[in-house]
Amino acid sequence: MTSAATTATAPKLADRMRAIVGPTNVLASPSDLVVYECDGFTIEKNKPDVVVFPTSTEQIVAIVKACGELGVPFVPRGAGTSLAGGCLPIGGGVMIALTRMKRILEVNYRDRYAIIEPGVVNLWLTNHIKPNGYHFAPDPSSQGACTIGGNVATNSGGPHTLKYGVTVNHVLGVELVLPDGRVVQTGGPHEDNPGYDLTGVIVGSEGTFGVATKAWVRITRNPEAYRTLLGVFESVDDATNTISEIIGAGIIPGALELLDSLILQAVEAAFRFGFPLDAGAVLIMEVDGLDAGLDQDAERIVEIAKRNNAREVRRANTEAERLLLWKSRKQAFGAVGRLAPSYCTQDGVVPRTKLPEILRFIRAVGTKYNIRIANVFHAGDGNIHPILLFDERDADQVKRVLGASHEILDECIRLGGSVTGEHGIGVEKIDFMPKLFSPEDLAMMVRLRSAFNPENRCSPQKMLPTAGACIEQSKAGRHAAM
Amino acid sequence: MTATVDSPRISLPVTPAKHDAGIDYELFLDCVHCGLCTSACPTYLELGDENDGPRGRIYLMRAVTDGRIELDDAVKGHLDLCLDCRACESACPSGVQYAKLIEPFRIHMHKIGVKKEHLSWLQRMLLFNLTPYAGRMRLALAPARLAQWTGIDSLMTKLGMFNLLPSSLRQMHEMLPPLKAHYGSLPEVLPAEGPRRARVALFTGCAADAIFPETNYATAKVLQKNGCEVWIPRKQGCCGAPHYHSALEEPAKQFAQQNCDAFLPDGSPVDAIIVNAAGCGAMLKDYGHLFHGSPQEEKAALFAKKVKDINEFLIELGPIQPMHPLKLKATYHDACHLCHGQQIRKQPRQLLEMIPELQLTTLNESEICCGAAGSYNLTQPEMAERLGERKAKNVLDTNAEALFVSNFGCQIQLGRYLRDKKPSLTIAHPIDALWASYNGEKL
Ligand SMILES: Cc1cc2nc3c(=O)[nH]c(=O)nc-3n(C[C@H](O)[C@H](O)[C@H](O)COP(=O)(O)OP(=O)(O)OC[C@H]3O[C@@H](n4cnc5c(N)ncnc54)[C@H](O)[C@@H]3O)c2cc1C
Ligand code: SF4
Ligand code: SF4
């Protein structure tokens, strides 16, 4: 581990950074740094010593070289919507904010790819290519804000990844600045490059391999048509059984999303879609593709839902209705702010058939710890998102939330699943890694990381536990939360 | 189960408040720090600095309130750079009431002596002593009107004579759009055409009336045409927004009081108070909140309830179909105080689409502030210019021949950044277009 900048080295560090990127691209005053102490995960906080806003790959090369010379760590940051604390600057050091590298460098419709800088917001790319009938398929719920650099780092998914795949399926190549300042390019505009699939390894490395400075991403033709249905169920069990049956019947929906009654309250307050507030759960079910055949699929889905006691199945009749329905779903996390001052989203995965079981378990855990838990998730791929509601000012509640979260995630593992479907390990889930993987597995991962980031200077103490991690993590220099 | 954490790794102290800005602390807690608002914020879009985005600004205000950081120049700079456009409120799924945080916080900054912004005495004079008074403003603009018509204006520009003016006056001169003839004054009451469908009062504003008198004229005429009896109270005054947004609460309240008295005299209730400027409308609709907890609250709230934006009112009333075609490719910019402040987006578009042969195209980033934001272009000229240029580019990309916007402040700003780039572009209020189409006049 590299050591953090001390009060003596911090000003020197800031000066070095100013020399590289210019004074307007550096933040170093205490009040300017405070907002960078956390991302979408607010349970742990620590300020970086400096924030830099590079505007080119060359500047990033110079920045990481300077960090090497001065012996300080650095961490890349996109929009800071990580829910796992991926941007937490452990040990301080330099935060490399990529929000000023936001150009769409090229769009090639014939070969169906785009070259973008990492700070491009996911939805900007889709908006940019929409007039030509294309979109960028990974659609995390945070797509209006999160950057594609962040998507690449966390291998983001979204409602439509059930059919279209996660980010890694849509990244053809990456330009990466390694922690020693070398620049490598993996892949490129073409498919199937010979050699090892390094792009596949970099996507999902959560910023622990280096700084992604450019990406070649696939662009996808918009489906010719959609049928979007809303199934209203008396119980969560009925809804989850419907999911299993739909997939069992061989239908591949574009998306299958479940919202339970608590989340419905929040979403309805925010968007007034007209969700039934007395329902046990609703399912958003969408099929897309060629227009011919869609009605047939939709009818089979309605049949299955009815067989599983659906109270009613509604259909989005206009594009505006469809968009409102998706907006309600995608902004559901944020809408829980209406229910409680703080929330903590978990991101477990279970085999689809175990959904009823894990949801019953979550209910029991909520009662045990006296914590309200709302559920909204990508049901099609068994990726659950229990949202635990609390008040961060109450230390006892925080403790109970952490306890409940851990129990839920342990249960996911027990059921044959995992502790993250899409948000990543970050700092939040690091303690689970030894439960998910054998020491040999973890050692292999450390060796792989070492190939890119041998001194662990880039985003230290993320994703892979270091020996004695807990002790190191609570050492002085970590600031208390607000 | 094992794995429960014995103690969280950090403690969560509730720090005693150092600054009491009179903010309801619970309002801070509505923010769950998700970051979904960041890319809706114009200043964040431009700068990419979390400190200049909504999530960061809320974080800063809370950190100051908690006594974690000083209210230093850096913090003040980030808060002053905020446009008050409220795009963050539209974007926030959690229902954060951003305006209710920043407004009292700014007033507090002002009270404890942190200077709000760098307005020169000349700008202050113009902003607070001239523009809020319709009569004074019209008189002051008379020489400008004359100069523009006689061509002296362009001659002076050519000779570089405006360079001799103090920079703030020069800036204001540059902002001034081509002025049309003032309609003089409308009668106090205009009778309804046909059977009376409503009785409304018209808020004519101050600066707006002096610079774009044609829009007030068109509004009155359109209302008349739609069966409304229009009353223009003579004792009305400025809405108070310039003062309120500059943290001058008292004068804002005086204007509010004046308007409540002018528009709600005893015994002759109107169905609605109509306003055609988004900025004024948002302020008028907020009078209840302005007098919160004081004896005037009830009357102010009644006033606020009656206020309707002209677009909103006409769509609710059911507008009569305009007949004369306006063969134009047009686009529409959402004024912040209309789309974010009043959640009015569809209505002006619906009105424009009623006009025969007018073809409405989508404006990219239509809901991103143009940089006008009240006195913002005087206090933050650099950011105002960046946003003005950004908007101009988006407008030019549409190839539209006409640009509509329901707020005079935006109209001035858009004109400033588009006049030279596309002299043929018409910039007007949707009601100007509607009146032209009713009346068979050219726009
Ligand atoms: C309301 C809400 C809903 C969400 N919904 C989803 C969802 O549906 N699906 C999903 O997958 N995620 C979701 N997320 C999580 C988050 O939005 C994603 O992980 C997203 O990809 C993060 O992007 P970002 O730009 O905010 O990255 P950041 O939060 O800034 O960073 C995330 C991680 O990526 C690293 N990183 C960022 N940029 C780079 C780069 N250029 N090079 C190397 N490393 C980099 C950072 O170091 C960090 O470890 C949600 C978050 C929120 C708040
Ligand atoms: S203001 Fe709203 S959208 Fe922005 S971070 Fe807070 S909760 Fe999220
Ligand atoms: S009011 Fe506008 S400028 Fe201010 S934080 Fe919100 S979105 Fe940004």
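Everything numeric in this text was worked out from a predicted model, so none of it was measured.

*Asks:* How do you make sense of the overall build of chain A when you look at a structure like this?
*Replies:* Helices and strands together make up the secondary structure of chain A, namely 17 helices and 18 strands. In terms of C-alpha radius of gyration, chain A reaches 23 Å, essentially the compact-globule figure of 23 Å for 482 residues. Counting the 482 residues in chain A, one finds 62% classified as buried. Relative to all contacts within chain A whose residues are 6 or more apart in sequence, the contacts with residues 24 or more apart total 73%. Summed over its atoms, the accessible surface of chain A is roughly 17,500 Å², and 53% of this surface lies on carbon and sulfur atoms. In chain A, which carries 49 positive and 54 negative side-chain charges, the distance between the mean positions of the two groups comes to 3 Å.

*Asks:* Looking at this structure, I do not really get the sheet that holds strand S2 (residues 198–203) of chain B. What am I missing?
*Replies:* Strands in a sheet are paired, the pairing made by backbone hydrogen bonds, and the direction either parallel or antiparallel. Residue and element names in this part refer to chain B. Taken together, five strands build an open sheet; the order of strands is S1-S3-S2-S4-S5 and the sheet is mixed. With partners counted over all chains shown, the strands left at the sheet margins are strand S1 (189–190) and strand S5 (307–309), one partner each. Pairing of S2 with strand S4 (residues 272–275), which is carried by four bridges, proceeds in the parallel orientation. Across the sheet, Val 200 pairs through a bridge with Ala 272, a residue of S4. The sheet strands contacting helix H18 (residues 310–317) are S2, strand S3 (228–231), S4 and S5, and the helix crosses S5 at an angle near 90 degrees.

*Asks:* Could you clarify how one ought to interpret the site of ligand 3 in this entry?
*Replies:* All names here are of chain B. Taken together, Cys 41, Pro 42, Pro 54, Arg 57, Cys 82, Leu 83, Asp 84, Cys 85, Arg 86, Ala 87, Cys 88 and Tyr 98 make up all the residues around ligand 3. Among the elements of the structure, helix H3 (54–65) and helix H5 (87–91) are those that each provide at least two residues to the shell around ligand 3. For the shell around ligand 3, a count of residues per class yields nine nonpolar, no polar and three charged.

*Asks:* Even after reading the chapter, I still don't get the domain arrangement of chain B, so can you show me in this structure?
*Replies:* One frequently used descriptor of interface size is the decrease in accessible area upon assembly of the parts. Residues and elements named next belong to chain B. You can read the domains of chain B as domain 1 (25–111), domain 2 (121–175), domain 3 (189–315) and domain 4 (319–439). Computed over C-alpha atoms, the centres of domain 1 and domain 4 are 27 Å apart. Taken together, the 15 residues of domain 1 in the interface contact 18 residues of domain 4. Between domain 1 and domain 4 lies a buried interface of about 1,300 Å² when both sides are counted; carbon and sulfur atoms form 60% of it. Counting across the domain 1 and domain 4 interface gives seven residue pairs in polar contact (both at pLDDT 80 or more). When residues of the side of domain 1 that touches domain 4 are traced back to their parent elements, those giving at least two are helix H2 (42–47) and H5.

*Asks:* Could you clarify how one ought to interpret unusual backbone geometry in this entry?
*Replies:* The general pattern is negative phi for most residues beyond glycine and trans for most peptide bonds. Residues and elements named next belong to chain A. With a phi close to 45 degrees, Arg 272 is a non-glycine residue in the positive phi region. Along the chain, the position of Arg 272 falls in the loop between helix H9 (261–271) and strand S14 (281–289). Look at Asn 456: it is not a glycine, yet its phi comes out positive at around 55 degrees. On the secondary structure map, Asn 456 appears in the loop between helix H16 (439–452) and helix H17 (469–473).

*Asks:* Help me understand the domain arrangement of chain A in this model?
*Replies:* Residue and element names in this part refer to chain A. Structurally, chain A comprises domain 1 (4–97), domain 2 (104–221), domain 3 (225–336) and domain 4 (340–482). Distance from the C-alpha centre of domain 1 to the C-alpha centre of domain 2: 24 Å. With eleven residues of domain 1 at the interface, the matching set in domain 2 holds 15 residues. In this assembly, domain 1 packs against domain 2 so that about 990 Å² is buried in total across both faces, 74% of it on carbon and sulfur atoms. At the surface where domain 1 touches domain 2, the tally comes to one residue pair in polar contact (both at pLDDT 80 or more). When residues of the side of domain 1 that touches domain 2 are traced back to their parent elements, those giving at least two are helix H3 (57–70) and strand S3 (74–77).

*Asks:* Please clarify how the confidence of the model for chain A should be interpreted in this entry.
*Replies:* The predicted structure's coordinates, where accompanied by low pLDDT, should not be read in detail. Per-chain confidence: chain A averages 91 in pLDDT, with 95% of residues scoring 70 or above. Long-range and interchain partners of residues 468–482 of chain A, a stretch whose pLDDT sits below 50, account for 38 contacts in this model, where long-range means more than four residues apart.

*Asks:* What's the story with the packing of aromatic side chains in this structure? I'm lost.
*Replies:* The geometry of an aromatic ring pair is captured by the separation of the ring centres together with the interplanar angle, meaning the angle of the planes. All names here are of chain B. Per the counting criterion, the structure on display carries eight aromatic pairs over all chains. The interplanar angle of 80 degrees and the centroid separation of 5.7 Å between the aromatic rings of Phe 263 and Phe 303 together place this pair among those described as edge-to-face. Of this pair, Phe 263 sits in helix H14 (residues 249–263) while Phe 303 sits in helix H17 (residues 297–306); the two residues are 40 residues apart in sequence, bridging distant segments of the chain. Like Phe 303, Phe 263 is buried. Measuring from centroid to centroid gives 5.0 Å for Tyr 287 and Phe 303, while their planes differ by 20 degrees, and the two rings are stacked. Within this pair, whereas Tyr 287 is found in helix H16 (residues 287–290), its partner Phe 303 is found in helix H17, the two being separated by 16 residues in sequence.

*Asks:* Mind showing me how you'd approach the side chain of Gln 380 of chain B here?
*Replies:* With respect to the secondary-structure elements, Gln 380 of chain B resides in the loop between helix H21 (376–379) and helix H22 (381–398). Sequence-distant contacts of Gln 380 of chain B, that is, excluding residues within four places in its chain, are made with Asp 80 and Leu 81 of chain B.

*Asks:* What should I look at first to understand the site of ligand 1 in this one?
*Replies:* Residues and elements named next belong to chain A. Taken together, 35 residues surround ligand 1, and among them Pro 76, Gly 78, Thr 81, Ser 142 and Thr 147 come closest. Gly 80 places a main-chain nitrogen or oxygen 2.8 Å from an oxygen atom of ligand 1. Thr 147 places a polar side-chain atom, nitrogen or oxygen, 2.6 Å from an oxygen atom of ligand 1. When isolated, ligand 1 has an accessible area of 960 Å², and the protein chains bury 99% of it. According to the grid-proximity analysis, the pocket containing ligand 1 is the largest cavity. At five residues, the largest contribution of residues to the shell around ligand 1 is made by helix H5 (residues 148–154). Residues belonging to the shell around ligand 1 are distributed by class as follows: 14 nonpolar, 18 polar and three charged.

Here is what the cut-offs are and how they apply
- Counting restarts for each chain, with residues numbered from 1 along the sequence as it is written.
- All chains are assigned letters beginning with A, and all ligands numbers beginning with 1, in the order in which they are written.
- Given that the model is predicted, a residue must reach a pLDDT of at least 70 before its local features are reported, and side-chain atom pairs must reach 80 or more before they are shown or counted; all residues, however, enter totals for whole chains, interfaces and linings.
- Note: side-chain values were computed over all heavy atoms of the structure, leaving out hydrogens and water.
- The helix count covers DSSP runs of H or I at least four residues long, the strand count covers runs of E at least two residues long, and both are numbered beginning at the N terminus.
- Each radius of gyration is computed over the set of C-alpha atoms, and the globule rule expresses the reference value as 2.2 Å times the number of residues to the power 0.38.
- Think of it in three bands: with a 1.4 Å probe and only protein chains considered, a residue is buried below 20% of the maximum accessible area for its type, exposed above 50%, and partly exposed in between.
- Only heavy atoms matter for contacts: two residues are in contact if any of them lie within 4.5 Å across the pair.
- Methods summary: accessible areas were calculated by the Shrake-Rupley approach with a probe of 1.4 Å, and residue burial reflects only the protein chains presented.
- Only four residue types enter the tally: Lys and Arg on the positive side, Asp and Glu on the negative side; His and the chain ends are excluded.
- Just so you know, the charge point we use is NZ for Lys, CZ for Arg, CG for Asp and CD for Glu.
- Between any two strands, pairing holds if DSSP finds at least two bridges.
- Lines fitted to C-alpha atoms define the axes, with helix axes restricted to the stretch in contact, and inter-axis angles between N-to-C directions lie between 0 and 180 degrees.
- Near is defined per residue: the residue qualifies when any heavy atom it owns lies within 4 Å of the molecule or strand.
- In the scheme used here, Gly and all other residues not listed as nonpolar or charged are polar, with Ala, Val, Leu, Ile, Met, Phe, Trp, Tyr, Cys and Pro taken as nonpolar and Asp, Glu, Lys and Arg as charged.
- The split into domains, and so the bounds of each, comes from an automatic or database assignment of domains.
- By convention, the term buried area covers the 1.4 Å-probe accessible surface removed from two parts as they join, with the contributions of both added.
- Any pair of N or O atoms that falls within 3.5 Å is considered a polar contact. Within protein, one atom must be able to donate a hydrogen and the other to accept it, and sequence-neighbouring residues count only if both atoms are side-chain atoms.
- pLDDT: the predictor's confidence for each residue, scored from 0 to 100.
- Note on ring pairs: Phe, Tyr and Trp rings are taken, using the six-membered ring of Trp, and paired if centres are within 6.5 Å. Classes follow the plane angle, with under 30 degrees stacked, over 60 edge-to-face and the rest tilted.
- Cavities and pockets are defined on a 1 Å grid built over the protein atoms alone: a cavity is a set of grid points where a 1.4 Å probe fits but cannot escape, while a pocket is an open set with protein on both sides within 12 Å along at least five of seven lines, and lining residues are those with an atom within 4 Å of any such point.
- In this scheme, a molecule is assigned to a cavity or pocket if more than half of its atoms are within 2 Å of the grid points.

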